[in-house]
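# Tertiary structure, described
Listed here are the chains, written in short residue letters.
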Amino acid sequence: MEILYGKVSTPPVHADYVPVVLSKETMREHREKVSVRMREEGLEALVVYGDREHGANYAYLTGFEPRFEESVLVLHADGRCYLMLGNENLKMCQHSFIQAESIHVPHFSLPNQPMETTKSLKELFADAGIRDGMRIGCAGWKMFTSRLEDNEALFDLPSFIMEAIRQNNPGGQILSAGGIFLDPEKGVRVHVNANEIAHYEFGAGLASFRVWKALNQVAPGKTELEIADYLAPYGQPVTVTSICAAGERFTDAVVFPRNKEICLGDRFSVTLGLRGGLTSRAAYVAMNEGDLPENVRDYVERLAKPYYRTMVHWYEKVGIGVSAGELYEMAEKVLPRETYHWTLNPGHLTGAEEWTSSPVYPGSKIRLKSGMMLQVDIIPSLAGYGGANAEDGIALADEALRRELQRQYPRTWERMEDRRRYMKEELGIELKEEVLPLSDLCGYMRPYLLNREWAFKKG
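Keep in mind the model is a prediction, meaning the values are calculated, not measured.

### Points about the pattern of salt bridges
Under the defined criterion, the tally for this structure stands at 25 salt bridges. Across the pair Lys305 and Glu301 runs a salt bridge, and its minimum N-O distance is 3.1 Å. With Lys305 and Glu301 both in helix α8 (residues 299–317), this residue pair falls four residues apart, about one helical turn. Judged by relative accessible area, which is 14%, Lys305 ranks as buried.

Rendered as structure tokens:
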């Protein structure tokens, strides 16, 4: 496959992003899906933990995250549901989508807030229906896939919570149950409906719009802080640390944007992740190779073009029914790990979290299905060179799901169609009909940020 570097038109950048809320019907569907999986796993109760940074599984049922406190949702197979809430989230029970009885647990509150309770944590879990002899699943925010350990016995809930559950259920079973939500084949969050796609397209598209604005402000003499200011996303919560870094990153252990001046020839990276997707770019602050340090002037041929070629292969191969294992093998063949030193899965599921889980790994037998949302995520590394990155997300939708999107969310549909046309007509990337770009910048990559008219395209 030939990759050209030349003049391309501006991507179809949109500025009309408006949030799409998750409907009551979608939230009822969430509960039903979880209940089915509980029955399949033979669980009498499911304990779901949430906090500010690990709240996606919890919010899948409640609609909200417990912000600065911890919280636990206890869902029973018979339909009973309890929300165990700290001092400042106690009021959220009345706003929860899933109808639940509230249990005040001051142990989940901030340090030195009032701990006025007449019951121990063990007793409070007993009030939530946790008793001896039960088969209980515990879900935090992740799923373990170790080949060396018993994954059902690995828990990511705080130990003081797990201890209270064990004290109430010494003769029963307690299992790690994150897979109910995250398993890349059977997890309830892996396949989304039209309402969810529209909901998440807001975040994915907005992230790409803000990154586009930031990229076009990069110039020698400006600071990382100045450029990072363009990433401000209407106050929306970010799903990863926002990156805006020039030259050497992580100096003085700083991971956030610094008051550091951008220089000609600097490597540069920018990343913004919102609920629904992440847009990331890595390139050089240069007009052409003459602005680069002499030892990396072959950056385009040595690293950037091979990376972009792999990305085009990924976009053109991904689709409903495609084997995720074959997607991995394609990346290995086109961009050999031994040479380009990438280590993570070349593609993963996304949604409320930037990285939900991934079906793309060696030997994977998982077939991609309608309703999956994925990001192309291949991170090559060559010693001495800056990065090459153009990460964005797509959704897979069969004909019925596409018709529903077009009917119910016409503006979301129009944006996705704009992006498909651009990728085909301007970049030469042929997407399958079921592939819906969620980012305004899907397929768009310029290795020299100062040359705003030139970018890569398929020959």
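### Regarding helix α9 (residues 324–334)
When we look at burial in α9, the residues that qualify are Ala324, Gly325, Leu327, Tyr328, Met330 and Ala331. If you follow the buried residues of α9, they end up packed against α8 and α10 (337–340). N-cap assignment for α9: the residue whose side-chain oxygen lies 3.2 Å from the backbone N of Gly325 is Ser323.

### Some thoughts on the sheet that holds strand β13 (residues 389–391)
Read across the sheet, four strands follow the order β8-β9-β10-β13 without closing on themselves; strand pairing throughout is antiparallel. The open sheet has two edge strands, β8 (243–246) and β13, and neither has a second partner. Between one strand axis and the next, the sheet turns through 5° on average, direction left out of account. In the sheet, β8 pairs with strand β9 (residues 267–274) via four bridges, with the strands oriented antiparallel. Bridged to Ala245 within β9 is Ser269. Along the sheet face, helix α6 (residues 194–215) touches β9 and β10 (277–284) and points at about 155° away from the line of β9.

### Notes on the packing of α6 against helix α12 (residues 410–425)
The interhelical angle for the contact between α6 and α12, taken along N-to-C directions, is 50°, at an axis separation of 10 Å. One finds that α6 runs oblique with respect to α12. In this structure, α6 crosses over α12, and the sense of that crossing is left-handed. Along its contact with α6, which presents Ala198, Glu201 and Gly205, the element α12 presents Thr412, Arg415 and Arg419. Of the residues that constitute the contact of α6 with α12, the class distribution is one nonpolar, two polar and three charged.

### Considering the nonpolar core
Formed by 77 residues in total, the largest nonpolar core has its most connected members in Phe268, Tyr299, Tyr308, Trp314, Tyr315, Leu368 and Ile394. The greatest single-element share of this core, amounting to ten residues, is contributed by α8. Setting aside residues no more than four positions away along its own chain, Leu368 makes contact with Val318, Gly319, Ile320, Gly321, Val322, Ala324, Leu327, Pro359, Leu374 and Leu396.

### Observations concerning the packing of aromatic side chains
One pass over the structure, following the stated rule, counts eleven aromatic pairs. When the ring of Tyr5 is compared with that of Tyr448, the centres are 5.9 Å apart and the planes differ by 80°; the resulting orientation is edge-to-face. Residue Tyr5 is located in strand β1 (residues 3–7), and its partner Tyr448 is located in the loop between β15 (435–437) and β16 (454–458); the two are separated by 443 residues in the primary sequence. Relative accessible area serves as the criterion here: at 2%, Tyr448 is assigned to the buried category. Ring geometry for Tyr60 against Phe181: centres 6.1 Å apart, planes inclined by 85°, an arrangement best described as edge-to-face. Here the residue Tyr60 occupies a position in helix α2 (residues 56–62), and Phe181 occupies one in helix α5 (residues 179–182), the gap between them amounting to 121 residues. Tyr60 sits in the buried class, given a relative accessible area of 6%. An aromatic cluster of at least three residues, connected via ring pairs, comprises Tyr5, Tyr308, Tyr448, Trp454 and Phe456. The ring of Tyr234 carries the charged tip of Arg210 above its face, separated from the ring centre by 4.7 Å. Geometry around Trp342 places Arg337 over its ring, the cationic atom sitting 5.6 Å from the centre.

### Here we look at the pairing of strand β2 (residues 45–50)
Of all six residues making up β2, six are buried, and the element is well covered by its neighbours. Burial of the side chains of β2 extends over both faces: Ala45, Val47 and Tyr49 are buried on one face and Leu46, Val48 and Gly50 on the other. Taken together, the six bridges between β2 and strand β3 (residues 71–76) define a ladder with antiparallel strand orientation. Residue pairing across strands places Tyr49 opposite Val72, the latter belonging to β3. Pairing geometry for β2 and strand β6 (residues 135–139), over four bridges, is parallel.

### A few points about α6
With 22 residues, α6 extends 31 Å from end C-alpha to end C-alpha; this agrees with the ideal 32 Å at 1.5 Å per step. Of all the bends in α6, the greatest, near 25°, is centred on Glu201. In terms of burial, α6 is a largely internal element, 20 of the 22 residues being buried. Its side-chain oxygen placed 3.1 Å from the backbone nitrogen of Asn195, Asn193 serves as the N-cap of α6.

### Focus on the sheet that holds β3
Pairing is mixed in the open sheet, where six strands are placed in the order β5-β4-β3-β2-β6-β7. Both edges of this open sheet fall to β5 (101–104) and β7 (173–176), since each of them pairs with a single strand only. Going from strand to strand, the sheet's axes swing by 20° on average, the running direction of each strand aside. Where β6 lies against β7, four bridges are found, and the strand directions are parallel. Looking at β7, one finds that Ile136 is bridged to Ile174. Across the sheet, helix α1 (residues 24–41) is in contact with β2, β3 and β6; its angle to β3 comes to roughly 65°.

About the cut-offs
- Residues numbered from 1 in each chain as written.
- Predicted model: local features only at pLDDT ≥ 70, side-chain atom pairs only at ≥ 80, totals over all residues.
- Heavy atoms only, no water.
- Salt bridge = Lys/Arg side-chain N within 4 Å of Asp/Glu carboxyl O.
- Helix = DSSP H or I, 4+ residues; strand = E, 2+ residues; numbered from the N terminus.
- Buried < 20%, exposed > 50% of the residue type's maximum accessible area, 1.4 Å probe, protein only.
- Contact = heavy atoms within 4.5 Å.
- Polar contact = N/O pair within 3.5 Å; in protein donor to acceptor, adjacent residues only side chain to side chain.
- Pairing = 2+ DSSP bridges.
- Axes fitted to C-alpha atoms, helices over the stretch in contact; angles between N-to-C directions.
- Parallel < 35°, antiparallel > 145°, perpendicular 65-115°, else oblique.
- Left-handed = near helix turned anticlockwise from the far one by under 90°.
- Nonpolar A, V, L, I, M, F, W, Y, C, P; charged D, E, K, R; others polar.
- Core = buried A, V, L, I, M, F, W, Y, C linked by side-chain atoms within 4.5 Å.
- Phe/Tyr/Trp six-rings, centres within 6.5 Å; stacked < 30°, edge-to-face > 60°.
- Lys NZ or Arg CZ within 6 Å of the ring centre and 35° of its normal.
- Expected span 1.5 Å × (residues − 1).
- Bend = angle between axes of the 7 residues up to and from the residue.

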